[in-house]
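# Results of the structural survey
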Amino acid sequence: MLSIDDIEAFSQNCPSTNLFPNVSNFISFRKKFRSLASDLAVNGYGIIDGIFGDSKVNLLLRECDILNGSKRPDFYRGEEAVDYVNPENVNIQTSVKMPTARDDRFLWIDGFDSSVPTLSELTQLLQTTCRDELEATTQLSQFPSGSYRHPLPSESDNSFIWLKSTCKDNSDKQPTLSTNLKRRLTLEKSQRMAMYAEYLPGSKGFVKHLDNSGLKDTRLVTAIYYIQGCDGGELVLYPSEEEEIIVEPKPDRMVLFLSDEVEHEVKEVPLSSTSTRSALSYWYHKDTGEIDGAKDNRYSPLQEEWIDNQLSSLGYALPNEWW
């Protein structure tokens, strides 16, 4: 049975019906996206297939053809310059020319382009519904056993941290606290543009990098929705030094990962590929109006002190560099 909240959310966030002909389709999408967001909160990344269905993918593919046939002047070549941060002084940042760093072409979608209504609707969905679900899911108790919810001292009753602990064996020993504590996501409400990008056959891909390299970059979460796949062109995620997640660019696949923690790269698309790799990307930014500073300032000094005290009382200690 549909709730009043579900119906209201549908009416407020889906002015068009290209993606969601009825409210049931919308509810199905929200459930899938919540599952994806939960994976992100626990693992730092999430992958889900079949989030809209083949008929919606066909609509999006036709609109991609419209973009390609329009010879739009706002298609850009992938950036040749990448930011380099001096490891000895993080306040020094220069731009280094790397002609092979990124070999795609892209344009920005604002969500109001009537020539591509389904792409615009998808952009609006990422800007509104997905943002709200992403923030809410990371602040709800949808985590597996072994994760512990601790409130933070704040004027808000909804402020807390997840302490993820792991047991190396099945004994009754106290588990060891992982230093990879998952922070809650407080995202800005501003609606930014999405990026439609294509890797043509023969593209060299995109070198290994972080979307958020620090300093004044406020990106927290990267979202990618694949519209058309190809031979090659795999997205490779590196959630840790030991992990390598290979993601094929399959149509109707959505990926989320932490912009400031998960390095990633795009493999080359061979010249023999019979199709172009096309996807829509969106970045969720930190709400800098509520929390000042760059990515390393995840909690206020009061919250940091409180967390340290709580961990000490449990017999745990975080390394100084974690802050």
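Residues numbered from 1 in each chain as written. Predicted model: local features only at pLDDT ≥ 70, side-chain atom pairs only at ≥ 80, totals over all residues. Heavy atoms only, no water.

### A look at the environment of Ile109
As a reminder, the rule being used: Each helix is a run of H or I in the DSSP string that is no shorter than four residues. Each strand is a run of E no shorter than two, and both are numbered from the N terminus. Pairs of residues are marked as contacts when any of their non-hydrogen atoms sit within 4.5 Å.
One can find Ile109 in strand S5 (residues 105–109). Sequence separation of Ile109 and Thr123 is 14 residues, and the distance between their C-alpha atoms is 7.1 Å. Apart from residues no more than four positions distant in its own chain, Ile109 is found in contact with Leu119, Ser120, Thr123, Met193, Ala194, Tyr196 and Leu280.

### Notes on the packing of aromatic side chains
Two aromatic rings, taken as a pair, are described by how far apart their centres are and by the angle between their planes. Quick reminder of the rule: What counts as a ring pair is set by centres within 6.5 Å for rings of Phe, Tyr and Trp (its six-membered ring), and what kind of pair is set by the plane angle: stacked under 30 degrees, edge-to-face over 60, tilted for all other angles. Three exposure classes are used, based on accessible area relative to the maximum for each residue type with a 1.4 Å probe and protein chains only: buried under 20%, partly exposed in between, and exposed over 50%. Either the NZ atom of lysine or the CZ atom of arginine qualifies as a charge over a ring when it sits within 6 Å of the ring centre and within 35 degrees of the ring normal.
Tallied over the entire structure, the rule returns 10 aromatic pairs. Arranged with centres 5.2 Å apart and planes meeting at 5°, the rings of Phe29 and Phe52 form a pair that is stacked. Of this pair, Phe29 sits in helix H2 (residues 23–43) while Phe52 sits in the loop between strand S1 (45–49) and helix H3 (54–69), and the two are 23 residues apart along the sequence. One exposure class covers both Phe29 and Phe52, and it is buried. Three or more aromatic residues joined by ring pairs make a cluster, and in this case those are Phe20, Phe26, Phe29, Phe33, Phe52 and Tyr225. Its end group placed over the ring of Phe75, Arg105 keeps NZ or CZ at 3.9 Å from the ring centre.

### A look at the packing of H3 against helix H4 (residues 117–127)
Test applied: Between N-to-C directions, angles cover 0 to 180 degrees, with each direction set by a line fitted to C-alpha atoms, over the stretch in contact for helices. Geometric relationships in this document are graded by angle, where less than 35 degrees denotes roughly parallel, more than 145 denotes roughly antiparallel, 65 to 115 denotes roughly perpendicular, and other angles denote oblique. Three classes are used, and their members are as follows: Ala, Val, Leu, Ile, Met, Phe, Trp, Tyr, Cys and Pro are nonpolar, Asp, Glu, Lys and Arg are charged, and the others, Gly among them, are polar.
H4 packs onto H3 with a crossing angle of 110° between their chain directions and a minimal axis gap of 8 Å. Here H3 lies roughly perpendicular to H4, going by the angle between them. Across the interface between the two elements, Leu59, Leu60, Glu63 and Leu67 of H3 pack against Pro117, Thr118, Leu119 and Leu122 of H4. When grouped by side-chain class, the residues that make up the contact of H3 with H4 number 6 nonpolar, 1 polar and 1 charged.

### Let's talk about helix H5 (residues 129–137)
Helical geometry: 3.6 residues make up each α-helical turn, so side chains three or four residues apart lie on a common side. With 7 of 9 residues buried, H5 lies mostly within the body of the structure. Within H5 the residues assigned to the buried category are Thr129, Cys130, Arg131, Glu133, Leu134, Glu135 and Thr137.

### Focus on a nonpolar patch on the surface
Operational definition: Patch membership needs two things, relative accessible area over 30% and no salt bridge, and members are linked within 9 Å if like-charged or within 5 Å if nonpolar (Val, Leu, Ile, Met, Phe, Trp, Tyr). Residue burial considers only the protein chains on display, and all accessible areas are found by Shrake-Rupley using a 1.4 Å probe. Note on definitions: salt bridges are taken to be side-chain nitrogens of Lys or Arg within 4 Å of carboxyl oxygens of Asp or Glu.
On the surface, a nonpolar cluster with roughly 310 Å² of combined accessible area is contributed by Tyr76, Trp108 and Met193. The topology assignment puts Tyr76 in strand S2 (residues 76–77).

### Some remarks on the sheet that holds strand S11 (residues 219–228)
Stated precisely, the cut-off is as follows: In this analysis, strands are considered paired if DSSP registers two or more bridges between them.
Ordered in space as S1-S14-S11-S16-S9-S5-S2, the 7 strands form an open sheet in which the pairing is antiparallel. The open sheet has two free edges, formed respectively by S1 and S2, since each of these has just one partner strand. Two elements, S1 and strand S14 (residues 253–258), share 5 bridges in a ladder whose sense is antiparallel. Residue Gly46 lies in a different strand from S14, and its bridge partner there is Leu256. Of the strands in this sheet, S5, strand S9 (194–199), S11 and strand S16 (277–285) are in contact with H3, which crosses S11 at around 90°. In the packing of H4 onto the sheet, the strands contacted are S5, S9, S11, S14 and S16, and the crossing angle to S16 comes to about 30°.

### A short note on the sheet that holds strand S10 (residues 206–209)
Here 4 strands make up an open sheet; going across it, the order is S10-S15-S12-S13 and the pairing antiparallel. Unpaired on one side and paired on the other, S10 and strand S13 (245–247) mark the two borders of the sheet. Averaged over all adjacent pairs, the angle separating strand axes in this sheet is 15°, with direction ignored. As paired elements, strand S12 (residues 235–238) and strand S15 (residues 263–266) share 4 bridges and run antiparallel to each other. Each bridged residue has a counterpart across the sheet, and for Leu235 the counterpart in S15 is Val266.

### Thoughts on the pattern of salt bridges
Taken as a whole and assessed by the stated rule, the structure comprises 13 salt bridges. The residue Asp49 makes a salt bridge to Arg253 at a minimum N-O spacing of 2.5 Å. In this pair, Asp49 sits in strand S1 while Arg253 sits in strand S14, placing the two residues 204 residues apart along the sequence. Since its relative accessible area comes to 38%, Asp49 is described here as partly exposed. Take Arg253: its relative accessible area is 10%, and that puts it in the buried class.

### Structural notes on the confidence of the model for the protein chain
Threshold: For every residue, the pLDDT score states the predictor's confidence, bounded by 0 at the bottom and 100 at the top.
Residues with a pLDDT of 70 or more make up 62% of the protein chain, whose mean pLDDT is 74. Ranking the helices and strands of the protein chain by mean pLDDT puts S13 first, with 97, and strand S8 (residues 176–177) last, with 36. Per-residue pLDDT stays below 50 along residues 140–182; that stretch engages in 90 contacts with residues further than four places along the chain or on separate chains. Scored below 50 in pLDDT, residues 290–298 shows 19 contacts in the model against residues more than four places distant or in partner chains.

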